[in-house]
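Analysis of the macromolecular model
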Amino acid sequence: MLKNYFKIAIKVMMRKKFFSFISLFGISFTLMILMVVTAFLDIELGSHAPLTQQDKMVFLDRLELKLMIPDTNMIIDSTRNNGTVTVDTSFSYSERQRSMSASSAGYYYLNKYMSNIEAAEDHCIYSDRHTVDVFINSNKLTLSSSYVSASFWNIFDFQLVEGNFFGPSAIDHQEKVAVITQKTAKEYFGVDRGVIGQEMILDDQHIKVVGIVKTPPSNQLFLGSGLFLPLTNIDPRWLTSEDFLGGFRATYLAASSAKRQAIKDEIKKKTALIQLPNPEQYNRINVVTASFLENYAEHLLNENDPAKSRSIFLYSLGGLLLLFFILPTLNLVNINVSRILERSSEIGLRKAFGANGNDILYQFIFENIILTFVGGIIGFLLASLLFFVINSSQVLPETVLSFNYQVFFYSFLICLFFGILSGLIPAYKMSKIHIVNALKQNSNG
Amino acid sequence: MIKLQNINKVYRTKTVETLALNNINLTIPAGEFLSIMGPSGCGKSTLLNIMGLIDEPSEGSIEIAGQTLPDYNAKSIAKFRNEKLGFIFQSFHLINDLSIIDNVELPLLYRRVGSKERKALAEEALIKVGLKNRMQHFPGQLSGGQKQRVAIARAIVGQPDIILADEPTGNLDSSMGNEIMDILLRLNQEQGTTIVMVTHDESMARKTNRLIRLFDGNQVQ
Ligand SMILES: Nc1ncnc2c1ncn2[C@@H]1O[C@H](COP(=O)(O)OP(=O)(O)OP(=O)(O)O)[C@@H](O)[C@H]1O
Ligand SMILES: [Mg+2]
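So, here is what we can say about the structure in this document. Just so it is clear, the structure is predicted and the values come from calculations on it, not from any experiment.

Reading the values: the criteria
Residues numbered from 1 in each chain as written. Chains lettered and ligands numbered in written order. Predicted model: local features only at pLDDT ≥ 70, side-chain atom pairs only at ≥ 80, totals over all residues. Heavy atoms only, no water. Helix = DSSP H or I, 4+ residues; strand = E, 2+ residues; numbered from the N terminus. Buried < 20%, exposed > 50% of the residue type's maximum accessible area, 1.4 Å probe, protein only. Lys, Arg positive; Asp, Glu negative; His and termini not counted. Salt bridge = Lys/Arg side-chain N within 4 Å of Asp/Glu carboxyl O. Polar contact = N/O pair within 3.5 Å; in protein donor to acceptor, adjacent residues only side chain to side chain. Contact = heavy atoms within 4.5 Å. Pairing = 2+ DSSP bridges. Axes fitted to C-alpha atoms, helices over the stretch in contact; angles between N-to-C directions. Parallel < 35°, antiparallel > 145°, perpendicular 65-115°, else oblique. Left-handed = near helix turned anticlockwise from the far one by under 90°. Nonpolar A, V, L, I, M, F, W, Y, C, P; charged D, E, K, R; others polar. Buried area = accessible area lost by both parts, 1.4 Å probe. Near = heavy atom within 4 Å. Areas by Shrake-Rupley, 256 points an atom, 1.4 Å probe, with all protein chains shown as cover. 1 Å grid on protein atoms, 1.4 Å probe; cavity = no way out; pocket = protein on both sides within 12 Å on 5 of 7 lines; lining within 4 Å. Sits in = over half its atoms within 2 Å of the grid points.

Below, the discussion takes up the side chain of Lys351(A). If you trace the backbone, Lys351(A) turns up in helix α11 (residues 344-352). Buried within the structure, Lys351(A) lacks any salt-bridge partner; Glu56(B) is the closest side chain of opposite charge, at an N-O distance of 9.1 Å. A polar atom in the side chain of Lys351(A) sits 2.7 Å from the backbone oxygen of Ser431(A). Setting aside anything within four residues of it in sequence, one finds Lys351(A) in contact with Ile360(A), Ser431(A), Lys432(A), Ile433(A), Ile435(A) and Arg81(B).

Dropping the structure here:
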């Protein structure tokens, strides 16, 4: 029975080459795009080195300093009541924001107030990205660098290619050392390994390369740095300034992702207790903490509210994917409907020879399942091929797309669902068709 | 045996009401080869379809093989058709996407016969109509006469008691028509299959046991 259905499904598919092609193309192309998009998202946002522990991270992203001034409003309400005027006066007291400045935090603030977060297992401080111009044979090369504490390497698991990370003593002694990415090594030395112990000249300083790490695929935040130096090597004015604002970020590591909130709370609480040195300039301090995804979305969207930007980001992404899914699905439904309707004479014949309504229903559902499966297989092959091309070509050199089988499985299930659903309605209609009328329609053989 | 009593069939459309069959009473004993003749539009196909339980009369009762119909549901009527009846149509109605042998197997498919047995029975039926060496062909590769022989093989594969043929030779030239007619006659004589055949061809009709004529929905002979 099934074998017979299978035969006819394949036959119909081959005969209606054009429609089958469109239908299959819809399914397989959708699946392929979905796989590529999720693979890219996974690279950007997934828990991979150096962000394997991202689920447990809290990013201290930004400080906001505000000057709030009292604001008194008097509201006079007059009502005319039978010719007499009643006046009602009310006052409201509130605060008004006079000025605000916001930026990444100052080292002073992070070091003095935020180094002792008890809810955190570990934390690190690192500078915003600085750009340095270096000259190699009179060619200018612009590098992006970060000054980081020793614990930076504990929290972000960069993958060492050779050499080592620098430790606390390098920080204490302001050692002129650097960990660089393979990309930087290639750009500076022309090779991406074998340069441990060699020197780079940055702003007239001789810096010794102690470690080479794999270049992270993402370019966001500090991940775009090609050069990591001990925190204490930064221009000392950054470290001695008592400004609350400017230049540094901290990342805290919680024991588990559930414990992140405790860290956020503690950071907020400790910050609220700070006595600001110049209340006439700023009298309110607010700290913004975020998860990696929130942080990412915030920077991508140029927004100020981490939770909000995360929702915007996720919703628009979801919306786009949905839209992308709906179009081929409608196409699939449409094609299935017409594909089935035009076979009324075959159905009339089958019924005349004893097929009952259910037999007809099952036949078409089975056919649609087959069609969807073929589409799924083609989609799988297309995606694999595309992944292979992207990964093996040097178009995106740092990018290794990995196939997410789970996403494929679920998208395929969705396709299957719609494949079955779209077959169900016309098949049901056909299973109820009047035999004589069906036979009168364009007879084939 | 088929027994029709007081069969009326009315087609109603928005503008006209057609009385396709008017008070038909007909008894066909088991083993008879009956032909139905009459001008175009007189209700021959309608009558055959009602006998074949693929169309319902507006009034009247049908008794086939001792069962009075229609008094049970669509599913059991489907089963009844599958086991007792075989159809042959003027326009063959083969499924172009299936090979000849798969076409012939079709009635057995709905009888839940295993695939090996299906193959064997279909092969046997194709041998009877002289198409043994065409089993793996497709309908598109056959002549009209060959297609109709496939249709006959499909109608007899399940060994039904009754075969209903609506102008089986209508689309064929006379020599091919005679071939088809010979197969049907042999079936009737050797297996005792009851056959009801609609035809426009007097010479074909004369070869059968009995002939009835319809005119404007009435039986006139
Ligand atoms: N579905 C229908 N709706 C309305 N009228 C119909 C329908 N089917 C048949 N008729 C009418 O019923 C009458 C009998 O039709 P039927 O097909 O039985 O004729 P026939 O004798 O088989 O003709 P032919 O020799 O041309 O095949 C005709 O007048 C036809 O127009
Ligand atoms: Mg007719």
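Residue and element names in this part refer to chain B. Reading across the sheet, the four strands line up as β2-β1-β4-β5 and stay open at both edges, with antiparallel pairing between neighbours. Each having just a single partner strand, β2 (17-28) and β5 (67-69) make up the two edges of the open sheet. Within this sheet the neighbouring strands show an average axis-to-axis angle of 25°, counted without direction. Summarising the sheet, strand β1 (residues 2-12) and strand β4 (residues 59-64) pair through five bridges and their orientation is antiparallel. Residue Lys-3 lies in a different strand from β4, and its bridge partner there is Glu-63. Sheet strands touched by helix α1 (residues 44-51): β1, β2 and β4. Its angle to β2, the strand with the most contacts, is close to 55°.

Residues and elements named next belong to chain A. Two numbers describe how helix α2 (residues 17-45) lies on helix α12 (residues 357-392): the axes approach to 7 Å, and their chain directions differ by 40°. With respect to α12, the axis of α2 lies oblique. Between α2 and α12 the crossing geometry is right-handed. Facing Ser-23, Leu-24, Ile-27, Ser-28, Leu-31, Met-32, Met-35, Val-36 and Ala-39 of α2, the residues of α12 in contact are Leu-371, Thr-372, Val-374, Gly-375, Gly-376, Ile-378, Gly-379, Leu-382, Ala-383, Leu-386 and Phe-387. Considering only residue class, the contact of α2 with α12 consists of 14 nonpolar, six polar and no charged.

With 28 residues of chain A in contact, the opposing surface of chain B contributes 31 residues. For the pair chain A and chain B, the two sides together bury roughly 2,700 Å², of which 57% comes from carbon and sulfur. Seen at the junction of chain A and chain B, the total is one salt bridge. Summed over the shared surface of chain A and chain B, the number is seven residue pairs in polar contact (both at pLDDT 80 or more). At seven residues, helix α1 (residues 2-15) of chain A tops the list of elements feeding residues into the side of chain A that touches chain B. By residue class, the composition of the side of chain A that touches chain B is 11 nonpolar, 10 polar and seven charged.

With that settled, the discussion passes to unusual backbone geometry. Negative phi values dominate among residues other than glycine, just as trans dominates among peptide bonds. Residue and element names in this part refer to chain A. Look at the link from Ala-49 to Pro-50: it is a cis peptide, with omega at 5°. Among the structural elements, Pro-50 can be located in the loop between α2 and β1 (57-81). Backbone geometry at Ser-138 places phi at a positive 60°, although glycine is not the residue there. Its location among the elements puts Ser-138 in the loop between β4 (130-136) and β5 (139-148). A positive phi is found at Asp-204, a non-glycine position, where the angle reads about 70°. Note that Asp-204 resides in the loop between β8 (199-202) and β9 (205-213).

Glancing now at the site of ligand 1. In the region of ligand 1, 13 residues are neighbours, and Ser40(B), Gly41(B), Lys44(B), Ser45(B) and Thr46(B) sit closest. Near ligand 1, residues from chains A and B are present, making the site a shared one. The separation between an oxygen atom of ligand 1 and a polar main-chain atom of Gly43(B) is 3.0 Å. For ligand 1, an oxygen atom lies 2.5 Å from a polar atom in the side chain of Thr46(B). Here ligand 1, which alone exposes 630 Å², has 68% of that area covered by the protein. A molecule is said to occupy a pocket when more than half its atoms come within 2 Å of that pocket's grid points, and by this definition ligand 1 occupies the largest pocket. Those elements giving two or more residues to the shell around ligand 1 turn out to be β2 and α1 of chain B. Element by element, the count of residues in the shell around ligand 1 is highest for α1(B), at three residues.

Moving on, we come to the pattern of salt bridges. All names here are of chain A. Per the counting criterion, the structure on display carries 27 salt bridges over all chains. The salt bridge partner of Asp-128 is Arg-249, with a shortest N-O separation of 2.8 Å. Taken together, the positions of Asp-128 in the loop between β3 (122-127) and β4 and Arg-249 in strand β11 (residues 248-253) put the pair 121 residues apart, joining distant regions of the chain. Since its relative accessible area comes to 17%, Arg-249 is described here as buried.

Another aspect to go through is the sheet that holds strand β8 (residues 194-198) of chain B. All names here are of chain B. Spatially, the six strands line up as an open sheet ordered β6-β7-β8-β3-β9-β10, and their pairing is mixed. Only two strands of the sheet have a single partner each, and these edge strands are β6 (85-88) and β10 (218-219). Bridge analysis of strand β9 (residues 210-215) against β10 gives two bridges, and the strand direction is antiparallel. Looking at the pairing, Leu-214 lines up with Gln-219 of β10.

Residues and elements named next belong to chain A. Among the 10 residues in helix α9 (residues 292-301), seven count as buried, and that is most of the element. Of the residues making up α9, those classed as buried are Phe-292, Leu-293, Glu-294, Asn-295, Tyr-296, Ala-297 and Glu-298. Looking at the buried residues of α9, the elements they touch are α2, β1, α8 (260-272), β12 (284-290) and α10 (306-341). Downstream of α9 by a residue or two, Asn-302 has a phi angle that is positive, lying close to 60°.

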